[in-house]
Amino acid sequence: MAVSGTPPGPLAAPPNGTKTQGRRHLALYFPWLPCERVRGERVRATATDPLPEGAPLALVARSGQALRLMAVERDAARQGLAPGMTLADARARCPDLATLPHDPAADAALLTHLAKAMHALTPSVMPDPPDGLLLDISGCAHLFGSEAKMVAKATEIAGLSTIHALAGNPAAARALARHGTLAQRRAEDVAALPVSALDLGEAATTALRRAGLKRLGDLVTRPAPTLAARFGEGLVLRLRQVMGDVAAPLAPQPVQAPIRAEARFAEPIARTDDVLEVAEDLLRQVAAQMEQRRLGGRHFALTLHRSDGARRCLLVETGQPTRDPPLVVRLLRERIDSLADPIDPGFGFDAITLSVKRADPLDARQTGLDQSEETQDSLQALIDRLGVRLGQDAVLRLAPADRHMPEAAQVSLPAAELNGSVSFHLPTMPRPLLLFDPPQGIEVIAGVPDGPPLRLRWRGAVHEVIHAEGPERIAPEWWRQRGGHMGEGAARTTRDYYRIEDARGRRLWVFRRGLYDGMENAPSWYVHGLFP
């Protein structure tokens, strides 16, 4: 008896005139996306703790009672590591494996960004989570010269290791990209793909292989009712989608209209004040557009179109999303005043366009009675003005880093990128604002070997200690050392910090380096910072 919804005969190739004829789809598969994202972020952030050179990388997360690999990079995969493996087993195979926490939200954000970037190639783009994109390139390839050139452009935009495949329908392109060999992808030989290309799960794939059905071509020759009765109708539907018998249209990511405004003039204008007045009016227009979308602009581009065809573009950036036209106008004036080459209007500007290159969410804000928001806004306005004058990379803020050692607990980052939203774990004891680099050696007399200092000599002067608070023990970062917490020298690099006050009221931050284990390896003392 035939199963309802399936034809009575074998699954044949799609005949001429089906919905897939004449369509072209491109599947992009990024097999190492999570790890490549992490490496790229750390390079751009100029992290103080870069990954070990040449060490394979894996991203881990807790699953049940064990840490498991969630993603690996190419070098780790070559050593037999794979997602789902426990971290203990992975380190047994690869002792020098570098690990970092897995962040699926960041991977999803990157995939969404790549989907938006692919709109430069085709308006029909759909994310294929967690590590792929599907593009309908029908009628678009000739704009780039050929399909091969279009694929090369897509790979360039992605900036990641990419496996691609072309086919007449998106399901086939996806199966070829993720499960096909190079020869199969070039020939678009869908029938030669393994049954795992249907992505039905491990149990269904194992059942098909035990039945002697290893390739999609083996399934095509079998009657559909038999396959549906034994393996379920889902297998038949998925097979028909991959073979092109049943349409599997994309659900493309919608393309939002750009936020921009334009003004044209019957008579060209040339005065800077006139330009800024028009810019403020355009800013009100884009502010209304952003308010409807609950967005605030971060990057604004004002393009001046001269009557002879020349263009001049002025870019300003803000540290926080804004919809305040006077604020952006002030930054534009700062930009114009800081130009080494003044704006040459020639015979005047006959058109001005304003576009928002970057916009972030911005909801209504409830102000408080202590005017702390006004203080923060004033500081942010100062940062924006300095950024326009000196460049965004020249205005820096100290941001906390995920490090235990005090001298590495902060990094310098562009102030405009922090947004005041950095949160971090406060240390158990207060830290001084001034640190010495490197710490300065001192001579100390203590009541007991492991006790606080009673008297110290620093820079030739003797300091009598009247108050001491501590110790705060900071162990070495053993996970960054070869040999781990049992590595050589781990005990000699342990630090015990004390806050001390001398008889003159000066407060120092001192530490004892190393653990006392006899006179042969007596610990050494240092001054690391001063309290105000």
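Our structure is the block above this text.
Residue numbers here run from 1 along each chain, matching the order of that chain's written sequence. Totals for whole chains, interfaces and linings use every residue, but because this is a predicted model, local features are given only for residues with pLDDT of at least 70 and side-chain atom pairs only at 80 or more, for both listing and counting. In computing side-chain values, all of the structure's heavy atoms are included and hydrogens and water are not.

Our focus in this paragraph is the packing of aromatic side chains. Ring geometry is summarised as follows: Phe, Tyr and Trp rings, the Trp one being its six-membered ring, pair when their centres sit within 6.5 Å, and such pairs are stacked at plane angles under 30 degrees, edge-to-face over 60 and tilted between the two. One pass over the full model with this rule turns up five aromatic pairs. Look at phenylalanine 511 and tyrosine 526: their rings are 5.3 Å apart centre to centre, the planes differ by 25°, and that puts the pair in the stacked class. Taken together, the residues span a long stretch of sequence, with phenylalanine 511 in strand S18 (residues 507–513) and tyrosine 526 in strand S19 (residues 524–530) at a distance of 15 residues. Clustering of aromatic rings is evident, with ring pairs tying together Tyr497, Trp509, Phe511 and Tyr526. Helix and strand definitions here come from DSSP, where helices need a minimum of 4 consecutive H or I residues and strands a minimum of 2 consecutive E residues; each element is numbered from the N-terminal end.

Turning our eyes to something else, we now look at the sheet that holds strand S8 (residues 260–269). Note on pairing: two strands pair once DSSP finds at least 2 bridges between them. Spatial strand order, S8-S11-S9-S10: four strands in an open sheet with antiparallel pairing. In the strand order of this sheet, the two ends are held by S8 and strand S10 (311–322), each with one partner. For this sheet the average axis-to-axis angle between neighbouring strands, irrespective of direction, equals 15°. Bridging between strand S9 (residues 295–306) and strand S11 (residues 349–361) involves 11 bridges; their strand directions are antiparallel. Directly across from alanine 301, in S11, lies its bridge partner serine 355. In this description, contact between two residues means that some pair of their heavy atoms is separated by no more than 4.5 Å. Every angle, taken between N-to-C directions, lies between 0 and 180 degrees, and every axis is a line fitted to C-alpha atoms, over only the stretch in contact when it is a helix. Strands S8, S9, S10 and S11 of the sheet are contacted by helix H12 (residues 272–293), whose axis makes an angle of about 160° with S8. Sheet strands in contact with helix H13 (residues 325–337) are S9 and S10, and its direction is about 135° off that of S10.

The N-to-C vectors of helix H10 (residues 224–231) and helix H11 (residues 233–243) enclose an angle of 130°; their axes lie 6 Å apart at closest approach. Our classification of the angle between H10 and H11 gives oblique. Here Ala224, Leu227, Ala228 and Phe231 of H10 come into contact with H11, specifically with Glu233, Leu235, Val236, Leu239 and Arg240. Polar here means any residue outside two lists: the nonpolar Ala, Val, Leu, Ile, Met, Phe, Trp, Tyr, Cys and Pro, and the charged Asp, Glu, Lys and Arg; Gly therefore counts as polar. Among the residues forming the contact of H10 with H11, the class breakdown is seven nonpolar, no polar and two charged. Note on terminology: angles under 35 degrees are roughly parallel, angles over 145 are roughly antiparallel, angles of 65 to 115 are roughly perpendicular, and the others are oblique.

With that settled, consider the nonpolar core. Side-chain atoms within 4.5 Å are what join buried Ala, Val, Leu, Ile, Met, Phe, Trp, Tyr and Cys residues into a set we call a nonpolar core. Relative accessibility thresholds used throughout: buried, under 20% of the residue-type maximum; exposed, over 50%; partly exposed, between the two (1.4 Å probe, protein chains only). Judged by nonpolar contacts, the single largest core of 30 residues is most densely connected at Val190, Leu216 and Leu219. Mapped by element, the contributors of at least two residues to this core are strand S1 (25–29), strand S7 (163–167), helix H6 (170–179), helix H9 (216–220), H10 and H11. A total of six residues in this core trace back to one element, the largest contributor, which is H6. Among all residues touching leucine 216, those that are not within four sequence positions of it are Val190, Ala191, Leu193, Pro194, Val195, Leu198, Leu239 and Val242. Counting 28 residues, the second largest nonpolar core, distinct from the first, contains Val286, Met290, Leu304 and Leu332.

Inspection of the secondary structure puts histidine 164 in strand S7. Its relative accessible area of 34% is what places histidine 164 among the partly exposed residues. Taking the C-alpha atoms as reference points, histidine 164 and alanine 27, separated by 137 residues in sequence, lie 5.5 Å from one another. Sequence-distant contacts of histidine 164, that is, excluding residues within four places in its chain, are made with Leu26, Ala27, Leu28, Val151, Ala177 and Arg185.

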